[in-house]
Every structure is written in structure tokens, then in C-alpha cells.
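For reference, the chains in residue letters:
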Amino acid sequence: MSILIYGEKDKSFQELFTAAKILKEKVGGSIHAIVIGHNVKELAEKVAGLEVDNVYLFDNEAFKAFNPEAFLRALKSVVDETNANIVLLESNYKNKILGGLLASLLDAGLVVDTVEISFTNGKITVKRPVYAGKALSTQTIESEKAIIAIKAGVFEPTQLGEKKAKIVEKSVDLSDLKTSLVEFTPKVVVGEIRLEDAEVVVGAGRGIKKQEDLEMIREMAKILGGAWGVTRPLAADYGWAPEWIGISGISIKPKLYFAVGISGQPQHTSGIRESKVIVAINKDSDAPIFKFADYGIVGDLYQVLPELLKRLKELKGEA
Amino acid sequence: MPNILVGVKYSLQVENLAIDPKTMMVSEDETPKQMGDMDKRALEEAIRIREKIGGSVTALCVGPSEATKIMMEAYAMGANEAYLLPITGNLDTDAIAKIFAEFYKKKGPFDLIILGASSTDSFTATLGARIASLLGIPVLPFVKKLELADDEVTVESDLGDGTYTFKAKLPVVVTVTLEINEPRIPTLKDILKAKRKKINEIKLEDLGLGDLASKVRIIDVKAYEEKRKQIILDATDPSKIGEVIDQLINYLKEEGVL
């Protein structure tokens, strides 16, 4: 019996390890980690600084980009070897697929988007947002085996110590894969700071009439040392940005979020829920975004924003 | 000519949740429902393939008996066959995947299974992978573009960190996102024609799944309370803008976020 953690970056391993420790207190067993990728020895060395027993390392060019079948084979081989009955991974698109594939292979229960883990009557109990982030669902895992995908940022990262764990280099047969990856085009990072890491985010919605007008949003983000983003229609329908803020896109948790010309559809507001302070600027006083805002300015963004930019520039210039 | 299976869910309208104001609990029964928005695109994609190269489209819904409503809609859109497997309460993705896998074996085999990448309500985005895993066939997830040539399918998948072009031989499971197409709106004639069609009912027992149980059980669902301050500053009069911005900046300084 053991707990296996699978991450892609050191931070995800550090957070997953914190969750693994909570589970270990109740269910016992050992904790192992698995690293899959290309040129990831350095990552494995870092992960070995967590108090895990073994770090299983799959370092192969075939793992340079994601192929669900290839990654599944690596993961499954280590689940078998460690006799893992709990697998923890970060909840993102790729891992939801990997988790789904693995869960049905193992006949295990699967939960994703986990934001809380506890125990009731000896059963693992999780909470996850549902209904486009409008509600929180409490669920228990009834099966012996469980795969739990946890949202990034939920658990405090455990500090990395000196390398202690053993790194076990592994390989897996990748012949006869039914799925082939023809091409991978990485997402262009919109600004210098990633939306998910930014302390200040300026978001633009359909109130922005022309693509050129996004320049105001970009400038505002720059003045505030933050990132900028858009809502789904601006990205998916108009193609003004490669990604969007929302439940189906990127969830953000800045200290300060400006929603500019955003009406406030659940799809969007669920992705900004974790923001500390939300400011909305919209000319429609009935826009749902004002219910999600700490401070709302009712007014024409084309009149408000230039003034706001001027004041923010002065302010940041003073500092 | 491909035989296509499409999964559709009778999903909660998340913008119309029935919430008990005292307990904040969400009542699934009292919340209006509809076909999931990505499921509708899955059906549309399947119908487009059939219109182009022939074949047949079968829609399957696992849901309450009232879900016949969306199965009529599936007929109106152009499905050849619509099946409803009635259940009471919830089943987890493990159980639903088993139903689809057994349906595939009993009523198939199918060349393509197309699903919405995620449901509108529970949004786990894991069902396609689970079905593929049970059937031992590939899953091509979060697809925004699909091309089918002979027995091979090429897709563009958006997996968050970029776009992946995957290729696989049939049979495969494909899960589609909102970007893949714009679903058709059935005409009145289509709707009337659909009313003459029969919705096929299938039971768990017919699939040899009489003792199906969920591995993950939902205890409760509680709506979030919106605890924002909701301080509204009126800048509709352009002469007030300067004043409003000063107020805002003071507030943000007090909050320690500026």
C-alpha cells in the first residue's frame, strides 16, 4: 500500500506532498513520486528533497510532449511496482485525461478539481467546485483505490530539503502506441507574467470594442506590474488572445483583479473567485459582475480607463 | 461509413440553480435542465461527418426519465437513433463509463464515440478517458478541430499548455470543446418529424450492469455565498470620473493592494 504523487514542476510536487502527508497519517503506507519528461533529471533531484521513499524517473525524448497513452504506460508501471492505492496529481486538462485513463484501468474512484481533503468515518472526503464554480460539492470516495486530482495552490508547498530519496531510473515499452503526436504548438504567453502567477490582473471583456483597444488593458497591467487577460469570447470567438480567464480556461488568484467591460458570466466569475479584491468597470449598472465585485465603477470604460491610467501612472511614478 | 456513438447529458442549467436561501443547498431536482452545450457540439460534429461521408449517428443519454426531452432534440438535430438509459439519482464517471462501454459492445461496435469534453454542470472532463480505457482504444481529448480520412482521425487538442495535433486509427473516443462548431438549430419541420420517432429505452440489466454502484458519492452541493463588498461608484456623469477614481484609489490603498 502506498501513495504516489505525480507532478510536472517542483511546485506541484511540493504541494502534492503536503496532501500526501495528510492522507498518510490516516491510511499509512509510504509515499513515492514519479517524474516523467525529457531532460528532467534536475527536477527528480529536487523532488528527492521531499520525504518520499523513491523517486521514479522516466527521462526520455518520447516524453518531451504529452501523449496520453505514453504517459499512462509510465504511470501505470509505477503504480503496479509500488502497489499504490492512492495517486495524487495536479488537476489540469492533461492530468484529467491521465487520471481518467488510469482510474478505469485500476477500477479506482476518481475526483478532480479537489480543493479540500478530509476524512469522514474513515472515508476520504473531498470538496470540489461544480456548476461552473457556483457551488461546492462534498464527495466521499467509496472505493479502495483512489485517484485525486488537486487544484494548484490549494495546499501549502512543503519545503525542499537535502536530497534524501532514492532516484530509480525507469523505462517503459512505448512500441505500438495507438495515438501519435504529430505536432505540438506551445501556448504563447501573453505578457511577461503568467496569469496564474500574477499579483495584479487586468481582464478585458466584450465592452472592449476593437482589438487595438486592448492596448489600454496591456498598459494598465504594465503600470501595475501585473498580467492581462481576456474573457472567453475575446479569445475563442474573436481570436484576440490565445487563452482566457474562466472555468474552462485559466483560474486566477491575484491580490487585485480589474474586470473591465466584463458582464460577469458564471464561466468567467468562477475563474476569478480566488481573487482578494475585485474591481469592476462596466457601463451597465445591472451587469452581474457588480455582484462579484468589491468595488464597481458604473461608467463608460472608454472614459474611465484613460483617467484611471493617468492616475495610476502618477501614483506608481511617485513610489 | 462510420458508425458513430454520441453521449449527451441532461445537464443542469447552471445559470438557473435552485438554491435554498436558508441552507444554500442546491436542489438538482428543482433546477431546470438541458442538453450540455459541449454535448450538442458532439452531436453536431457527428451529424456533419454523416452528412459528408455517410454512416449513422446514435445518441445515448444516461439520466432521469424526463431526459426524453433532449433525446427528441437529438432526433430533431438529425440523430438516427436515440437511446435513454433511465437512472434515479447520480452515478459517478466510473459507472457511466461502464454503461457506455457495455452499450458499445452490445449495440456497436462503433467507429467513433464523440462526447462533449465536459458536462456543463459537474465539469469533470474525465468520462471520455474512462470509456476509452475500458475499451482499450485511444482517447483524443479537448478537440477543437477534427478530420476523418478513411480509418484515421486527426485532431487538434487544446490541453491548456498548447495545441496538440494527435492522430489515431479508428475506433477512437473524441471529446470536443465549444470551439469545434456552431450547432444547428432544428427547424419546426425537423421538430415535428422528430416527434414521430421513438426513443429507445435501455436498462442497466440489458447491459448486464444490474449491480452498478458509484465509487465516488456526492454528499451535498452547497452554493457559494458571494461575499464581495459590492461598493458601487457612479461615474456615468463624465465630470464625476476624477472624483470616483480618487475614491477607488483610496479604497484600494486601504485594502493594501495598491
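That block above? That's the structure.
Residues numbered from 1 in each chain as written. Chains lettered and ligands numbered in written order. Predicted model: local features only at pLDDT ≥ 70, side-chain atom pairs only at ≥ 80, totals over all residues. Heavy atoms only, no water.

**Q** It is not clear to me how the overall build of chain B should be interpreted in this structure. Could you clarify?
**A** Within chain B one finds 6 helices and 15 strands. With the C-alpha coordinates of chain B rotated into their principal frame, the extents come out at 70 × 40 × 40 Å. Residues classed as buried in chain B amount to 53% of the 258 residues present. Of the contacts made within chain B by residues no fewer than 6 positions apart, 68% connect residues no fewer than 24 positions apart. When the accessible surface of chain B is summed, it comes to about 11,600 Å², and 49% of that surface belongs to carbon and sulfur atoms. Here chain B contributes 34 positively and 41 negatively charged side chains, and the mean placements of these two sets differ by 5 Å. (Helix = DSSP H or I, 4+ residues; strand = E, 2+ residues; numbered from the N terminus. Buried < 20%, exposed > 50% of the residue type's maximum accessible area, 1.4 Å probe, protein only. Contact = heavy atoms within 4.5 Å. Areas by Shrake-Rupley, 256 points an atom, 1.4 Å probe, with all protein chains shown as cover. Lys, Arg positive; Asp, Glu negative; His and termini not counted. Charge placed at Lys NZ, Arg CZ, Asp CG, Glu CD.)

**Q** Please explain the interface of chain A and chain B as it appears in this structure.
**A** As a measure of interface size, the accessible area lost when the parts come together is often cited. In this complex, chain A contributes 81 residues to the contact, which on the side of chain B involves 74 residues. Roughly 6,900 Å² of surface becomes buried between chain A and chain B when both sides are summed, with 61% attributable to carbon and sulfur atoms. The largest contributions to the chain A side of the interface with chain B come from Tyr93(A), Tyr131(A) and Tyr295(A), which together make up 12% of the buried area. Taken together, the links from chain A to chain B amount to 7 salt bridges. Here Arg217(B) ties to Glu142(A) by a salt bridge, and the two come within 3.3 Å at their closest N and O atoms. Inspection of the chain A/chain B interface yields 43 residue pairs in polar contact (both at pLDDT 80 or more). In terms of residue class, the side of chain A that touches chain B is made up of 43 nonpolar, 18 polar and 20 charged. Two elements, strand E16 (residues 295–298) of chain A and strand E15 (residues 231–234) of chain B, share 4 bridges in a ladder whose sense is parallel. From the neighbouring strand, Val298(A) faces E15(B), where its bridge partner is Asp234(B). (Buried area = accessible area lost by both parts, 1.4 Å probe. Salt bridge = Lys/Arg side-chain N within 4 Å of Asp/Glu carboxyl O. Polar contact = N/O pair within 3.5 Å; in protein donor to acceptor, adjacent residues only side chain to side chain. Nonpolar A, V, L, I, M, F, W, Y, C, P; charged D, E, K, R; others polar. Pairing = 2+ DSSP bridges.)

**Q** Would you take a moment to explain unusual backbone geometry for this structure?
**A** The residue after Gly108(B), namely Pro109(B), is reached through a cis peptide bond having omega 5°. Tracing the sequence through the fold places Pro109(B) in the loop between helix H3 (93–107) and strand E8 (112–116). One non-glycine residue, Asn121(A), lies in the positive phi region at around 50°. Residue position: Asn121(A) is located in the loop between strand E6 (116–120) and strand E7 (123–130). A positive phi is found at Asp150(B), a non-glycine position, where the angle reads about 50°. Topologically, Asp150(B) is positioned in the loop between strand E9 (139–149) and strand E10 (152–158).

**Q** I keep staring at the side chain of Thr18(A) and nothing clicks. Help me out?
**A** Residue and element names in this part refer to chain A. Positionally, Thr18 belongs in helix H1 (residues 10–27). Overall, the relative accessible area of 16% leaves Thr18 in the buried class. A distance of 2.6 Å separates the side chain of Thr18 from the side chain of Thr158, its partner in a polar contact.

**Q** What's the story with the sheet that holds E16(A) in this structure? I'm lost.
**A** Across a sheet, paired strands are connected by hydrogen bonds in the backbone, their directions being either parallel or antiparallel. The 6 strands are arranged E13(A)-E12(A)-E14(A)-E15(A)-E16(A)-E15(B) in an open sheet whose pairing can be described as parallel. Edge positions in the open sheet fall to strand E13 (227–230) of chain A together with E15 of chain B, since each of these has one partner strand only. Averaged over all pairs of adjacent strands, the angle between their axes in this sheet comes to 15°, without regard to strand direction. As defined by bridge partners, strand E15 (residues 277–282) of chain A adjoins E16(A) across 4 bridges and the pair is classed as parallel. Across the sheet, the residue bridging to Ile281(A) is Ile297(A), located in E16(A). (Axes fitted to C-alpha atoms, helices over the stretch in contact; angles between N-to-C directions.)

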